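Inside the fold
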Protein chains: 2
Amino acid sequence: MASNIAVWLDGVPGSSLPLPDRGLDFGDGLFETLLLENGRALFRQAHLERLRLGLGALALPDCSSIAEQYLDLVCADIVSRGWPWAALRITVTRGAGERGYAAPAQVTPRIIITVSPLQHDCRQMPQPAALVLADLRLSSEPFLAGVKHLNRLEQVIAATQARQAQADESVLLDHSGQVVSVAAGNLFLVVGGELLTPPLAVCPIHGTRRRLVIEQLAPALGLDIREARVDLEVFFSCDEVFFTNSLQGLRPVKALGSASWETYPVCQALFEEYIREINSCAG
Amino acid sequence: MASNIAVWLDGVPGSSLPLPDRGLDFGDGLFETLLLENGRALFRQAHLERLRLGLGALALPDCSSIAEQYLDLVCADIVSRGWPWAALRITVTRGAGERGYAAPAQVTPRIIITVSPLQHDCRQMPQPAALVLADLRLSSEPFLAGVKHLNRLEQVIAATQARQAQADESVLLDHSGQVVSVAAGNLFLVVGGELLTPPLAVCPIHGTRRRLVIEQLAPALGLDIREARVDLEVFFSCDEVFFTNSLQGLRPVKALGSASWETYPVCQALFEEYIREINSCAG
């Protein structure tokens, strides 16, 4: 298991984390997942920008430029391995620390990069996904909302439920019944020709591809897009649904419970625009 | 930093965690913190029982008897080191796994034990604590309530706020304004001769010492004890406050904001009863 994963610790190839580490102890850290095409990190700046914001939110030292150096070093290595597609994860932890929850005054963050090859061609739109409704309701933590931190048990529980139901993803609601996201991605609905997406304030993660859809892909196609509260009634009656994340880009949804969708014209058009962005983006 | 911490991985002395590990990646795991007196783990069965419940809650394989074997092995080592008091942490993670949130079908948990010596005599009641009110409101996650899992960023933020304010602990409220706990412990209030404690359903952790107070220490003294919703008004006007955790036992509170308490007769009496329990408990 996990044999095909390459690991770097603070820029040095390795396969283990010195203990103690607050990332393990408390989930005290952050991560980013980047898609690599032939060793090129796609939408690199968007990820590094979110990482910087997250470091600020957790009051961690800004080690984003060091992380960027390590990222470049690892990407060069991946080029030499000849992996056409790969998932690269950057994890930043608050490093070692004495016992106890409180963050130490002096922190030396650790930066772990892991890379795993992907078998599918990420320039093809993924197969439409079957969703389940997660039993768990996502809790809201305004202090941590949108930050891609290491406390991900809610996503683990929701994704495991989907896997056990032989579905591809889970739809998460918050305690008020509002639709917030899938376990690993942001949601978009097509309603009467308009794109709706749950507001940033309720999203557990501020997706880089969510931002891309809103700021570039939808405008390029002249699509109206709006943040809106989405409940299950809206979800079940919408014309089309898709979700976004860094590895899959945009993925259409074919079913949730008794609701199903058979054509995905908006998602397809946006996916083509996404490929144009990949071709044109400098990194 | 952290130089005086001894580490065992799956029962073998070591100082690093093989990567990838879902404990680091997602906080996908559990922990227990035990107090050791001359290498004897106090209230060992209560901790192992909670660990077993947590493993069930996270659908992890029941490795509690293996954890118990490792615990005994480590305790024997601590005896030989001659540390009179030590904090022992057992961390269980879901181990390695392919990329992605969903738990793998086949899981081999990892069991990490770390021990750090404590400098103070844990048979003395700790000095009264100064508290601050945490800015953060604790989110409620019924699926995870009470489970001592590795997603502890809320506690990290609250405890860091206390340290920065030169206080000893933080009082956490939930989103409804109800008092739930301190960052690392359960709360008890003395109101008109009766002991009140927030109900188990709202507590982020089901404390072993909380249970001990309710089931043994308070009854031994003939004290009435009751789970009750506690708001700040009740808190500020109560006769006495203390909190409990595995390392400090019971610790009185001397101040929160403008409120202060100068005598701690109930906490002192319960602490004496706690010491009697330590003397009599088989482990």
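Residues numbered from 1 in each chain as written. Chains lettered and ligands numbered in written order. Predicted model: local features only at pLDDT ≥ 70, side-chain atom pairs only at ≥ 80, totals over all residues. Heavy atoms only, no water.

Per an unreviewed UniProt entry, chain A carries the name Aminodeoxychorismate lyase and comes from Candidatus Marimicrobium litorale. You can read under Sequence similarities (unreviewed entry) in the UniProt record for chain A the words "Belongs to the class-IV pyridoxal-phosphate-dependent aminotransferase family." The UniProt entry for chain A carries this comment under Pathway (unreviewed entry): "Cofactor biosynthesis; tetrahydrofolate biosynthesis; 4-aminobenzoate from chorismate: step 2/2." (UniProt positions renumbered as here; feature names shortened; annotations may be inferred.)

As for the packing of helix α5 (residues 208-220) of chain A against helix α7 (residues 265-280) of chain A
Residues and elements named next belong to chain A. Where α5 contacts α7, the two axes come as close as 10 Å, and the packing angle between them is 100°. Regarding the angle of α5 to α7, the classification is roughly perpendicular. Packed against α5, whose contacting residues are R209, L212, Q216, L217, A218 and A220, the element α7 presents L270, E273, Y274 and E277 at the interface. When its residues are assigned to classes, the contact of α5 with α7 shows 6 nonpolar, 1 polar and 3 charged. (Axes fitted to C-alpha atoms, helices over the stretch in contact; angles between N-to-C directions. Helix = DSSP H or I, 4+ residues; strand = E, 2+ residues; numbered from the N terminus. Parallel < 35°, antiparallel > 145°, perpendicular 65-115°, else oblique. Contact = heavy atoms within 4.5 Å. Nonpolar A, V, L, I, M, F, W, Y, C, P; charged D, E, K, R; others polar.)

Focus on the pairing of strand β4 (residues 29-37) of chain A
All names here are of chain A. Among the 9 residues in β4, 9 count as buried, and that is most of the element. Of the two faces of β4, the one carrying G29, F31, T33, L35 and E37 and the one carrying L30, E32, L34 and L36 are both buried. Bridge count between β4 and strand β6 (residues 85-93): 9 bridges; the pairing is antiparallel. Bridge pairing in β6 links E37 to W85. In terms of strand pairing, β4 meets strand β5 (residues 40-41) through 2 bridges, oriented antiparallel. Bridging across to β5, L36 finds its partner in A41. (Buried < 20%, exposed > 50% of the residue type's maximum accessible area, 1.4 Å probe, protein only. Pairing = 2+ DSSP bridges.)

Overview of the relation of the copies chain A and chain B
Its rotation angle being 180°, the transformation that places chain A on chain B also includes 0.0 Å of axial translation and leaves an RMSD of 0.0 Å. The transformation relating the two chain copies, once decomposed into turn and shift, fits a two-fold axis. A share of 100% of the interface residues of chain A reappears at the interface of chain B, consistent with the copies meeting face to face through the same patch. (Least-squares fit on C-alpha atoms with pLDDT ≥ 70 in both.)

Some remarks on the sheet that holds β5(A)
Strands pair in a sheet through their backbones, by hydrogen bonds, and they do so in one of two ways: parallel or antiparallel. Residues and elements named next belong to chain A. If you trace the 6 strands from one edge of the open sheet to the other, you get β2-β1-β7-β6-β4-β5, paired in antiparallel fashion. A strand with exactly one partner marks an edge of an open sheet, and here the two such strands are β2 (12-13) and β5. Across 2 bridges, strand β1 (residues 6-9) lies against β2 in antiparallel orientation. When the sheet's bridge partners are listed, W8 is paired in β2 with P13.

Regarding the packing of helix α2 (residues 44-57) of chain A against helix α3 (residues 64-81) of chain A
All names here are of chain A. With their axes 10 Å apart at the nearest point, α2 and α3 run at an angle of 145° to one another. In the crossing of α2 with α3, the sense of the turn from one axis to the other is right-handed. Counted together, R44, Q45, L48, L51, R52 and L55 of α2 and S64, A67, E68, L71 and D72 of α3 form the full contact between these two elements. Taken together, the residues of the contact of α2 with α3 break down into 5 nonpolar, 2 polar and 4 charged. (Left-handed = near helix turned anticlockwise from the far one by under 90°.)

Some details on the state of the cysteines
In the structure shown here, the tally under the stated rule is 0 disulfides over all chains. Just so you know, C203(A) is unpaired, no disulfide at all, and the nearest cysteine sulfur is the one on C238(A), 16 Å from it. (Disulfide = S-S within 2.5 Å.)

Quick notes on the nonpolar core
In terms of nonpolar packing, the biggest core is built from 104 residues, with L88(A), I113(A), V115(A), L88(B), I113(B) and V115(B) touching the most fellow members. The residues contacting L88(B), other than those within four sequence positions of it, are E32(B), T33(B), L34(B), L36(B), L71(B), V74(B), C75(B), I113(B), T114(B) and V115(B). (Core = buried A, V, L, I, M, F, W, Y, C linked by side-chain atoms within 4.5 Å.)

So, the packing of aromatic side chains
Residue and element names in this part refer to chain A. By the definition in use, this model includes 12 aromatic pairs over all chains. Ring geometry for F188 against F242: centres 5.2 Å apart, planes inclined by 10°, an arrangement best described as stacked. Pair noted here: F188 is in strand β11 (residues 186-191) and F242 is in strand β14 (residues 240-245), with a separation of 54 residues, a long-range link. Take F188: its relative accessible area is 0%, and that puts it in the buried class. Since its relative accessible area comes to 0%, F242 is described here as buried. (Phe/Tyr/Trp six-rings, centres within 6.5 Å; stacked < 30°, edge-to-face > 60°.)

Digging into the domain arrangement of chain A
Residues and elements named next belong to chain A. Once the domains are mapped, chain A shows domain 1 (6-117) and domain 2 (129-280). Here the C-alpha centroids of domain 1 and domain 2 sit 25 Å apart. Across the boundary between the two partners, domain 1 contributes 27 residues, which contact 19 residues of domain 2. Counting the surface domain 1 buries against domain 2, the share from its top three residues, F31, F43 and R50, is 37%. Linking domain 1 with domain 2 are 1 salt bridge. Taken together, domain 1 and domain 2 are joined by 9 residue pairs in polar contact (both at pLDDT 80 or more). Of all elements in the fold, only α1 (22-26), β4, α2 and β6 reach the threshold of two or more residues within the side of domain 1 that touches domain 2. The class makeup of the residues in the side of domain 1 that touches domain 2 is 12 nonpolar, 8 polar and 7 charged. (Domains from an automatic or database assignment. Buried area = accessible area lost by both parts, 1.4 Å probe. Salt bridge = Lys/Arg side-chain N within 4 Å of Asp/Glu carboxyl O. Polar contact = N/O pair within 3.5 Å; in protein donor to acceptor, adjacent residues only side chain to side chain.)

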